[in-house]
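Listed below, chain by chain, are the residues.
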Amino acid sequence: MASARPLDSFRTRDRLQVGSQSFTFWNLGRLPAAEAARAQRLPTSLKVLLENLLRREDGVTVTRGDIEAVLAWEPTAAPSREIQFMPARVVLQDFTGVPCVVDLAAMRDTTSEVGGDAARINPLVPVDLVIDHSVQVDRFGDAKAAQDNVALEHERNRERYTFLRWGAQAFRNLRVVPPGTGIVHQVNLEHLAPAVFTRQEGSETLAYPDTVIGTDSHTTMINGLGVLGWGVGGIEAEAAMLGQPMTMLIPQVVGVRLTGRTQPGVTATDVVLTVTELLRKTGVVEKFVEFFGEGLGALSLADRATLANMAPEYGATVGFFPIDERTLEYLAFTGRSPAQVQLVEAYARAQGLFRVAGAPEASYSQVVTLDLGSVAPSLAGPSRPQDRVPLPGVKASYRALHAPLAAKREAARGGTAVAAQPGTLADGSVVIAAITSCTNTSNPSVLVAAGLVARKAVERGLVRKPWVKTSLAPGSRVVTRYLEDAGLLAPLAQVGFALVGYGCTTCIGNSGPLIPEVSKAVKAGDLTVAAVLSGNRNFEGRVNPQVKANYLASPPLVVAYALAGTVDIDLSKEPLGTGKDGKPVYLADLWPSDAEVQAAVHAHVKAGQFADEYARVFEGDALWRALPVPAGGRFAWDAASTYVKRPSFLEGFTREPRALADVVGARALALLGDSVTTDHISPAGNIEPDGPAARWLKAQGVEPKDFNSYGARRGNHEVMMRGTFANIRLKNKMVPGVEGGVTVHQPSGERMAIHDAAERYRKEGVPLVVLAGKEYGTGSSRDWAAKGTLLLGVKAVIAASYERIHRSNLVGMGVLPLQLEDAGAVAALGLDGSEAYAIAGIASGLVPGRRLEVQVTRRDGTRAVLPVRVRIDTPNELEYYRHGGIINYVLRQLVAGR
């Protein structure tokens with residue numbers, strides 16, 4: 001959408017000569033002296049925001065006052081000033097990207113139906129969609145695993161992939177990276193990100209910082225390259241794609257001072273798990289984190305990307321690293337042109353964005369120091385990424401989880417404990433060991449270390465235990481190139497870690513089923529089994545529904561636990577197996593020295609590998625190229641499709657928004673506790689065979705073997721709404737002692753599936769609310785956690801506190817987020833979900849942060865009040881809510897020609 005002409009009231013517009021080319025840029029150094037001094041002390045990440053505003057100042061979307069607010073930033077002040085940020089580009093992964101393209105297609109239809117120009121619906125900024133979330137680990141452990149998994153992926157996702165091929169030709173500014181290429185964040189890091197963005201405007205070439213938002217919370221990985229970017233919901237991403245700036249509060253910035261260097265044997269994974277624990281304790285939710293200090297010099301670019309990747313796990317919006325010599329070396333090594341690398345250096349230095357050793361320290365809201373030398377080998381688990389466990393403590397950590405489960409199981413069996421036989425599947429057995437996820441597969445040092453552990457294990461005669469499902473899912477094809485060059489791909493396969501495909505697998509629940517015999521034994525014995533994965537997410541029920549203990553670990557430790565076959569072991573001193581010579585083999589016998597790792601990395605990770613692989617990044621394999629490409633500017637929806645359906649969000653769309661109304665006579669759909677994740681809310685993983693989604697699919701003639709995953713069916717709202725709040729580990733306090741998507745219909749008192757209750761309430765004309773505890777909506781930026789909530793008829797969520805992305809997504813779908821003034825009020829009032837709820841003050845006029853009262857009427861007629869604060873934080877968000885969500889708001893602007 002068009003904006004007013006840039007004003008440049010600070011006169012910062014300037015020219016930058018790089019070689020033979022001249023660029024126009026907005027030079028922070030040309031600010032008036034007092035303002036320039038203040039800008040110089042800003043954290044680098046805020047300088048990027050400042051440039052974004054200077055370049056886009058138009059007096060409407062961006063005012064002089066917005067720029068002055070950033071320049072006057074008070075580090076310790078609570079954020080209160082909103083600004084409009086516009087990213088240079090957007091990246092999507094296919095689970096969240098398909099719904100974005102579905103919504104764009106539906107917007108074209110709706111625009112045409114109300115008399116608008118459908119051709120105006122296009123991304124207005126460059127968008128890259130990387131298909132990386134659909135491959136599953138069906139076959140593993142042999143040379144044909146990857147080939148068969150890819151074939152199954154195409155078979156299951158043919159409708160989705162055909163739709164995406166249509167989208168790539170129908171929409172301007174949309175590129176699609178085919179399946180089997182890599183993980184979106186790694187492809188972004190290794191190829192897509194320019195670090196400094198350029199755009200032609202008339203006769204000028206503009207240069208400005210590369211900034212990006214993505215529909216995956218781990219978009220932050222690109223912060224390691226000096227690119228400011230973070231994850232948003234698909235709803236916000238769609239708005240940005242259509243030229244709508246993002247409203248945000250000028251954040252606090254926590255500086256993490258890194259000192260020293262890591263001890264021998266300590267990996268980047270150990271560092272990031274330590275940082276995650278440290279920053280969760282510090283409290284960095286809704287804040288920027290920026291790394292600085294002399295310790296940065298000891299971190300490779302891949303190490304920095306590892307730390308940036310897990311910003312969602314430590315709760316920050318970003319985990320930013322400034323551009324420096326390491327950045328330039330990485331850009332050149334991974335195939336960026338010499339001219340681009342030269343531009344990045346010249347621009348960053350001219351703007352004061354280049355890290356120079358010994359430069360004055362920026363001002364930060366808070367400074368936290370980490371001595372890298374204090375980091376020890378660690379894992380995280382058994383169910384949260386911030387729960388770091390030193391390697392010697394894993395055994396005790398597992399036993400603390402298992403003890404109450406074992407007591408409950410034995411009580412059900414009449415007090416009879418079943419003794420495990422040595423060397424067999426038992427409680428504590430590792431049934432999944434996966435080298436997976438963007439966090440680690442972008443880092444050659446930890447992948448080479450895993451290969452060296454495997455090679456030493458082969459030499460000693462060790463292989464995985466037979467009950468362990470092992471997998472190697474690299475984040476790009478470059479990984480297998482250098483592992484093969486180093487002679488490490490073969491030993492990894494020999495110990496069980498054969499290539500299974502390229503993409504995000506186990507970390508997002510695409511681990512596939514357990515080994516059939518293992519699955520049966522786990523179910524029969526109600527065993528507490530474990531997964532060890534090199535991922536960033538280990539929330540309960542996420543990796544595999546049969547696995548109760550999930551540990552994040554570095555790739556070499558993943559290999560070690562596959563060899564040991566259990567987490568009920570102290571690998572720091574107990575042998576992980578017996579060698580072919582009959583002698584015990586310890587972890588120390590297999591662990592490579594830092595010198596071994598670095599020698600292999602330097603010898604076998606080569607620049608030419610990146611150039612070769614990314615030269616054909618958009619081509620795809622024969623299966624992709626054989627797919628049909630539907631023609632036309634509007635998509636021909638197939639009524640029989642169970643993957644891609646025209647969504648219902650825009651049904652009844654009107655050119656003007658309807659008046660807001662109070663909520664009266666609402667019922668509670670669920671009463672939830674603390675730390676409810678988007679995995680609990682949004683459909684994820686495999687579709688359970690007997691739930692509402694399964695029943696709908698069966699009614700459409702789909703066999704259970706063809707259900708696929710919720711992620712693959714995100715383009716179908718009928719499936720997704722039926723899977724909302726259907727997680728098998730959801731604990732709804734309205735049905736105490738029961739796990740899963742179950743609730744109680746009121747006032748009948750009948751127990752039923754959450755979707756079935758929502759459908760019954762819809763027919764009865766009863767609005768719904770959800771009550772929850774602290775940190776509601778933690779985890780991945782799943783837009784369906786908000787979309788599904790809306791489609792179930794939920795008008796408001798009442799929670800003790802929210803994670804940033806999910807709160808924003810609720811507003812973006814027209815669901816009202818309310819925050820309890822007293823976090824413990826629901827429990828203090830003894831509310832159990834049987835009450836009726838009313839929310840007044842909506843119709844009379846909301847303002848950001850307004851205080852309201854939720855009136856509660858119990859079954860016996862007595863009443864209570866829940867004081868709440870409206871968590872619509874900015875005027876822009878209020879506009880989105882008033883229009884019934886961002887999509888409606890943007891579409892009305894486009895239809896009106898604005």
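This write-up is about the structure you can find in this document. (Residues numbered from 1 in each chain as written. Predicted model: local features only at pLDDT ≥ 70, side-chain atom pairs only at ≥ 80, totals over all residues. Heavy atoms only, no water.)

Across its full length, the chain carries 32 helices and 32 strands. Relative to the compact-globule value of 29 Å for 898 residues, the chain shows a C-alpha radius of gyration of 27 Å, a close match. By its C-alpha atoms, the chain is 75 × 75 × 55 Å across when sized along the principal axes. Within the chain, residue pairs in contact and separated by at least 24 positions form 77% of the contacts whose partners lie at least 6 positions apart. Accessible area for the chain stands at about 30900 Å²; split by element, carbon and sulfur atoms hold 52% of it. (Helix = DSSP H or I, 4+ residues; strand = E, 2+ residues; numbered from the N terminus. Rg over C-alpha atoms; globule rule 2.2 N^0.38 Å. Contact = heavy atoms within 4.5 Å. Areas by Shrake-Rupley, 256 points an atom, 1.4 Å probe, with all protein chains shown as cover.)

This brings us to the packing of helix α15 (residues 444-460) against helix α21 (residues 594-604). For the pair α15 and α21, interaxial distance at closest approach is 9 Å and the crossing angle is 115°. Overall, the two elements α15 and α21 adopt an arrangement that is roughly perpendicular. Read as a crossing pair, α15 and α21 show a hand that is right-handed. Along the contact surface, α15 presents Pro 444, Ser 445, Val 448, Ala 449, Leu 452 and Lys 456, while α21 presents Glu 596, Val 597, Gln 598, Ala 600 and Val 601. In the contact of α15 with α21, the residues fall into seven nonpolar, two polar and two charged. (Axes fitted to C-alpha atoms, helices over the stretch in contact; angles between N-to-C directions. Parallel < 35°, antiparallel > 145°, perpendicular 65-115°, else oblique. Left-handed = near helix turned anticlockwise from the far one by under 90°. Nonpolar A, V, L, I, M, F, W, Y, C, P; charged D, E, K, R; others polar.)

Our next topic: the side chain of Asn 708. With respect to the secondary-structure elements, Asn 708 resides in the loop between α25 (692-699) and α26 (717-723). Among the polar contacts listed, one links the side chain of Asn 708 to the side chain of Tyr 643, at a separation of 3.0 Å. (Polar contact = N/O pair within 3.5 Å; in protein donor to acceptor, adjacent residues only side chain to side chain.)

Another aspect to go through is the pattern of salt bridges. Under the defined criterion, the tally for this structure stands at 55 salt bridges. Of the charged contacts in the structure, one is a salt bridge between Glu 201 and Arg 199, with a shortest N-O distance of 3.0 Å. Accessibility expressed as a relative area gives 36% for Glu 201, which makes it partly exposed. With a shortest N-O distance of 3.0 Å, Arg 355 and Asp 324 are connected by a salt bridge. (Salt bridge = Lys/Arg side-chain N within 4 Å of Asp/Glu carboxyl O. Buried < 20%, exposed > 50% of the residue type's maximum accessible area, 1.4 Å probe, protein only.)

This part takes up α15. Think of an α-helix as turning once every 3.6 residues; residues three or four places apart then point the same way. The end-to-end C-alpha distance of α15 is 24 Å, a good match for the 24 Å that 17 residues give at a rise of 1.5 Å each. Note on α15: the residue one or two positions beyond its end, Gly 461, has a positive phi of about 90°. (Expected span 1.5 Å × (residues − 1).)

What follows deals with the packing of aromatic side chains. What the rule picks out here adds up to 17 aromatic pairs. Plain terms: the ring middles of Trp 166 and Phe 171 are 5.3 Å apart, the flat faces sit at 80° to each other, and that makes the pair edge-to-face. Phe 171 shares its class with Trp 166; the two are buried. With 4.9 Å between their ring centres and 15° between their planes, Phe 292 and Tyr 364 make a pair best called stacked. Note that Phe 292 is positioned in strand β13 (residues 288-292) and Tyr 364 in the loop between α12 (338-351) and β15 (366-371), a separation of 72 residues in sequence. In this pair, the class of Phe 292 matches that of Tyr 364, namely buried. The structure contains a cluster of three or more aromatic residues connected by ring pairs, namely Phe 163, Trp 166, Phe 171, Phe 635 and Trp 637. (Phe/Tyr/Trp six-rings, centres within 6.5 Å; stacked < 30°, edge-to-face > 60°.)

Attention now goes to the side chain of Thr 44. When you line up the elements, Thr 44 lands in helix α2 (residues 44-56). Thr 44 sits in the buried class, given a relative accessible area of 13%. Each residue touching Thr 44, except ones within four places of it in the same chain, is listed here: Glu 290, Phe 320, Pro 322 and Leu 353.

With 10 of its 10 residues buried, helix α19 (residues 555-564) lies for the most part within the structure. Residues Pro 555, Pro 556, Leu 557, Val 558, Val 559, Ala 560, Tyr 561, Ala 562, Leu 563 and Ala 564 constitute the buried set of α19. Count one or two residues on from α19 and you reach Gly 565, which has phi positive near 80°.

This paragraph deals with the sheet that holds strand β28 (residues 794-799). Spatial strand order, β24-β27-β28-β29-β32-β31-β30: seven strands in a closed barrel with mixed pairing. The sheet shows a mean angle of 35° between the axes of neighbouring strands, taken without regard to direction. (Pairing = 2+ DSSP bridges.)

Another point: the sheet that holds strand β5 (residues 127-130). Within the open sheet, the five strands sit side by side as β6-β5-β4-β9-β10. Their pairing is parallel. Either end of the sheet is taken by a strand with one partner, and the two such strands are β6 (174-177) and β10 (228-231). Each adjacent strand pair in this sheet contributes to an overall mean axis angle of 20°, direction not counted. Here strand β9 (residues 211-214) pairs with β10 via four bridges, running parallel.

Interpretation note: all reported values are geometric properties and have no functional meaning in isolation.
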